[in-house]
Each structure stands twice: as structure tokens, then as C-alpha cells.
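Structural overview
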Amino acid sequence: MAALTTQSAATTPTPPRRRAGLARRREAGAGWLFTAPALALVLLFVALPVLMALWVSITDWRGRGSPFEAGVPVVGLQNYTDLLAGGGLPTQDLGTALRNNLWYVLLVVPTQTVVALLLATAVNDKLLRGRGFFRTAFYFPSVTSSVAITVVFLFLFGASGAVNQVLAWLGINGPNWFADPDGVLHLLLGVVGVDSAPAALADHGLLGVSWWDWLAGPSVAMSALVVLAIFTTSGTFMLLFLAALQNIAGEVSEAATMDGANAWQKFVHVTVPMLRPTLFTVLTLGLVGTWQVFDQIYTGTQGGPAKTTITPAYLSYTSSFVNQQWGQGAAIAFILFVIIIVLTLVQRAVLRER
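Residues numbered from 1 in each chain as written. Predicted model: local features only at pLDDT ≥ 70, side-chain atom pairs only at ≥ 80, totals over all residues. Heavy atoms only, no water.

1. Notes on the overall build of the chain
For the chain, the helix and strand inventory stands at 17 helices and 2 strands. Relative to its length of 354 residues, the chain is extended, with a C-alpha radius of gyration of 28 Å against a globular reference of 20 Å. Projecting the C-alpha coordinates of the chain onto the three principal axes gives extents of approximately 110 × 75 × 40 Å. The buried share of the chain, taken over its 354 residues, is 34%. Within the chain, residue pairs in contact and separated by at least 24 positions form 69% of the contacts whose partners lie at least 6 positions apart. (Helix = DSSP H or I, 4+ residues; strand = E, 2+ residues; numbered from the N terminus. Rg over C-alpha atoms; globule rule 2.2 N^0.38 Å. Buried < 20%, exposed > 50% of the residue type's maximum accessible area, 1.4 Å probe, protein only. Contact = heavy atoms within 4.5 Å.)

2. Focus on the confidence of the model for the chain
For the chain, the mean per-residue pLDDT works out to 88, and 95% of the residues sit at or above 70. The weakest mean pLDDT in the chain belongs to helix H1 (residues 2-10) at 50; the strongest belongs to helix H16 (residues 312-322) at 95. (pLDDT = per-residue confidence, 0-100.)

3. Some remarks on the environment of threonine 308
For threonine 308, the location among the structural elements is in the loop between helix H15 (295-300) and H16. Placed 126 residues apart in sequence, threonine 308 and aspartate 182 show a C-alpha to C-alpha distance of 8.4 Å. Threonine 308 has contacts with Asn100, Pro181, Ser219, Met222 and Gly303, leaving out every residue within four places of it along the chain.

4. Concerning unusual backbone geometry
Along the chain, glycine 304 connects to proline 305 via a cis peptide bond; the corresponding omega equals -5°. Position of proline 305 among the secondary structure elements: in the loop between H15 and H16. Within the chain, glutamine 302 stands out as a residue other than glycine whose phi angle is a positive 50°. One non-glycine residue, lysine 307, lies in positive phi territory at about 65°. Its place among the elements puts lysine 307 in the loop between H15 and H16.

5. Focus on the nonpolar core
In this structure, Leu94, Tyr104, Leu225 and Trp291 are the most contacted members of the largest nonpolar core, which totals 41 residues. Elements represented by at least two residues in this core include exactly helix H3 (78-85), helix H4 (89-123), helix H6 (146-156), helix H11 (220-246), helix H14 (276-291), H16 and helix H17 (326-351). If one sorts the elements of this core by residue count, H11 sits on top with 8 residues. Counting residues in hydrophobic clusters, the runner-up holds 14 residues, among them Ala116, Ala244, Leu245 and Leu275. (Core = buried A, V, L, I, M, F, W, Y, C linked by side-chain atoms within 4.5 Å.)

6. Some points on the pattern of salt bridges
As a working rule, side chains carrying opposite charge can pair if their charged atoms are close by. By the definition in use, this model includes 2 salt bridges. For the salt bridge of arginine 62 with aspartate 60, the shortest nitrogen-to-oxygen distance reads 3.5 Å. In this structure aspartate 60 comes out as partly exposed when scored by relative accessible area, which is 29%. We note a salt bridge from aspartate 93 to lysine 307, for which the minimum N-O separation is 2.8 Å. On the criterion of sequence distance, the pair formed by aspartate 93 in helix H4 and lysine 307 in the loop between H15 and H16 is long-range, its members being 214 residues apart. (Salt bridge = Lys/Arg side-chain N within 4 Å of Asp/Glu carboxyl O.)

7. Things to note about a positive patch on the surface
On the surface, Arg18, Arg24, Arg25 and Arg26 cluster together into a patch of positive charge. Considering the arrangement of structural elements, one finds arginine 18 in helix H2 (residues 16-57). (Patch = residues over 30% accessible without salt bridge, like charges linked within 9 Å, V, L, I, M, F, W, Y side chains within 5 Å. Areas by Shrake-Rupley, 256 points an atom, 1.4 Å probe, with all protein chains shown as cover. Lys, Arg positive; Asp, Glu negative; His and termini not counted. Charge placed at Lys NZ, Arg CZ, Asp CG, Glu CD.)

8. Some points on the environment of alanine 261
You can see alanine 261 is positioned in the loop between helix H12 (250-258) and helix H13 (263-274). Considering only alpha carbons, one finds alanine 261 and glutamine 328, 67 residues apart in sequence, at a separation of 57 Å. With residues up to four places along the chain from it excluded, the contact list for alanine 261 reads Ala256 and Lys266.

9. Considering the side chain of glutamine 347
Along the chain, the position of glutamine 347 falls in helix H17. Residue glutamine 347 is classed as buried on the basis of its relative accessible area of 12%.

10. Overview of the side chain of serine 210
For serine 210, the position within the fold is in strand E2 (residues 209-210). Look past the residues within four positions of serine 210 in its chain and what remains in contact with it is Leu201, Ala202, His204 and Gly205.

11. So, the environment of proline 198
Position of proline 198 among the secondary structure elements: in the loop between helix H8 (184-191) and helix H9 (199-202). Taking the C-alpha atoms as reference, proline 198 lies 7.9 Å from tryptophan 212; in sequence the two are 14 residues apart.

12. A look at the packing of H14 against H17
Working note: a packed helix pair is described by the angle between its axes plus the distance between those axes. Their axes nearest at 10 Å, the elements H14 and H17 cross at an angle of 160°. In terms of orientation, H14 and H17 fall into the roughly antiparallel class. Handedness of the H14/H17 crossing: right-handed. Residues Arg276, Phe280, Leu283, Thr284, Leu287, Val288 and Trp291 of H14 form the contact with H17, whose own contacting residues are Leu336, Ile339, Ile340, Leu343, Thr344, Gln347, Arg348 and Leu351. Looking at side-chain class alone, the contact of H14 with H17 contains 10 nonpolar, 3 polar and 2 charged residues. (Axes fitted to C-alpha atoms, helices over the stretch in contact; angles between N-to-C directions. Parallel < 35°, antiparallel > 145°, perpendicular 65-115°, else oblique. Left-handed = near helix turned anticlockwise from the far one by under 90°. Nonpolar A, V, L, I, M, F, W, Y, C, P; charged D, E, K, R; others polar.)

13. Quick word on a nonpolar patch on the surface
On the surface, a cluster of nonpolar side chains totalling about 1000 Å² of accessible area is made up of Leu41, Val42, Leu44, Phe45, Val46, Leu48, Val50, Met52, Trp55, Phe68 and Val74. Residue position: valine 42 is located in helix H2.

And the structure:
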């Protein structure tokens with residue numbers, strides 16, 4: 001009798017719910033096992049450096065020795081206070097950098113997105129001959145070294161460069177692009193006779209920069225860097241849009257045609273809404289990339305002329321590596337990080353499905 005009971009218990013099937021739980025645990029364990037190497041690399045080369053930089057941002061470390069030594073002064077939020085509310089040169093430099101970068105973002109991100117979408121639509125047309133050539137040609141600047149392209153643009157936009165030569169043929173006296181600190185909007189206002197700032201704009205401001213200077217627009221030098229950014233990034237985003245366009249079924253366009261929609265209506269009301277996920281990706285990558293612009297500034301202008309091309313990323317570099325104020329440089333980097341996160345969340349809310 002005992003033998004029969006033991007045999008019956010051994011052959012009792014496992015309940016389905018328990019089997020499902022065991023299967024989920026095995027799958028979870030296998031997933032953690034396969035992702036462990038990648039997670040270890042992320043923790044070692046991303047999370048750990050970020051935490052170290054966060055520690056540096058609340059210290060007055062000057063770059064000598066280890067920032068974790070006992071003698072390194074801990075200043076708390078003093079670096080952030082000096083930058084955001086100190087009222088001195090650090091605050092003014094941060095305000096100037098944010099002003100410059102804001103105009104850079106406002107001009108580059110929408111323009112490169114529109115250009116990339118138009119290029120993708122053009123090279124996706126089956127009636128276009130040599131589509132492979134045009135796709136390669138449009139994408140080629142994106143795989144070229146940004147330093148090399150910046151050097152080429154320095155020659156093109158020089159005082160006697162090719163751009164000014166073309167403008168001279170049109171009867172226009174071109175500026176010395178990378179040496180002109182004047183704001184584009186101020187120049188346009190000067191044409192209509194507005195040469196001085198109204199008192200309400202000149203006497204008030206943000207982060208040590210008057211509202212009149214906030215509204216100056218990008219400098220002539222920064223405008224050349226805007227053209228450079230659009231030229232080098234549109235090809236990459238073109239490929240993203242191209243992949244999304246090729247995933248749109250032909251029946252959708254045919255249905256819109258049968259409903260009487262013309263080419264423009266199909267593009268606006270059918271194609272663009274179906275590209276919403278890709279559009280969000282392109283805008284997010286563009287937003288992050290433009291707020292982190294550094295190499296073009298370092299190679300081309302180094303923040304000049306008159307600090308009109310300085311950006312937060314470049315200011316963080318100079319504060320740390322040039323002025324040896326590593327705590328302040330790390331604080332600038334984290335302020336920039338917060339700005340990017342907030343703007344990304346706002347962009348996500350605007351583009352969410354309704």
C-alpha cells in the first residue's frame with residue numbers, strides 16, 4: 001500500500017500554474033544571463049563614471065590627485081549656485097552658452113528634420129533613376145569626419161572663401177563669417193532702423209544675459225555652424241525616414257488615391273502620420289546631438305568670436321581642462337543633462353498618440 005502511494009505521488013503531474021511560473025523564472029534567468037555582459041559594461045563605463053562626475057560636481061576638486069581623497073573640499077551645491085544664481089562671470093558665461101545653444105537647436109533640429117524627410121521622399125521614388133547613387137551621395141557627409149568637414153567649412157566661409165565669392169557674383173558683400181559676432185536678428189533690425197535696445201529688454205535678463213542679447217539670434221559665426229550641422233546630419237536621418245517609408249504598404253497610398261487625395265494631401269495626411277515613431281526618434285536624436293555640440297566648436301571657433309559660439313558642452317570642457325575647475329565643469333554637464341531630459345519629455349508629450 002505504501003509503495004502504491006509513493007508511486008502515485010511521484011507520477012502526480014505539476015499544476016499548470018506552477019509550470020508556467022517555473023518557465024517564467026527559467027526565461028528570466030536566461031535573460032539576465034545573456035544580458036549580464038552588456039549590463040556589466042554599462043555599469044562600468046556609463047553608470048560608474050556618471051556617479052563619479054556627480055560627486056565631482058559637489059566638490060572643489062582642482063584636477064590634482066584623486067577626487068575621492070580625504071583632502072578634497074566638499075562644497076555641496078555651491079557650484080550649481082554659482083552657475084545659476086551667482087551673478088558673476090560663471091553665471092554670465094553659462095547664460096551666454098545656453099543662449100547660443102538654444103538658437104542653434106531651434107535652427108538645426110527643425111531644418112535637418114525637414115531636409116532629411118524631403119531627401120528620403122525623393123530617393124524613395126521608384127521613378128528616380130540612380131537612386132543608389134543619390135542615397136550614397138546624401139549620406140556621405142554623415143560618415144565623414146566632423147573635424148575634416150569643419151576644416152573645409154573654415155575655408156568655404158572664410159573672408160575670401162568660396163561662399164563670399166559666390167555672393168560677390170550676386171553683388172553681395174559677404175561677411176567674415178567665423179569672425180563676426182553680430183547677431184543675425186540684430187542685423188535685420190538694424191536694417192529697419194532699430195539700432196539700440198529698448199530699456200525693458202536691456203535692463204532685464206536671465207542668467208546674466210539681457211533679454212536684448214537673448215533675442216539677438218545666432219551670431220553670423222554660429223549661423224555658419226548651423227549650416228555645417230544641417231549638411232552633416234541630414235543624411236543620417238534620411239536613412240531613418242527612408243526605412244520607415246519603405247515599410248508603408250503601397251495599398252495605403254492607393255486607397256488615398258482612390259479617395260481623391262492628391263500627392264501633397266497623401267504626404268501630409270497619410271505618410272507623415274505613419275512616420276510618427278520615426279519622427280520622434282529623429283527629433284530626439286537631433287535634440288540630444290545639438291545640445292551636446294562640441295567638436296565643431298573646438299575645431300572651428302573655440303567659442304569665439306566674443307563667446308558667440310560657446311556652448312554648454314564646450315564651456316564644461318574649458319572649465320575643467322583649461323581652468324582646472326572640475327567641480328564647476330561637472331556641474332555644467334549635469335545642468336545640460338537636466339535640460340536635455342526635460343526637453344525630451346516635453347517633446348514626447350507633444351508627439352504622443354492622441
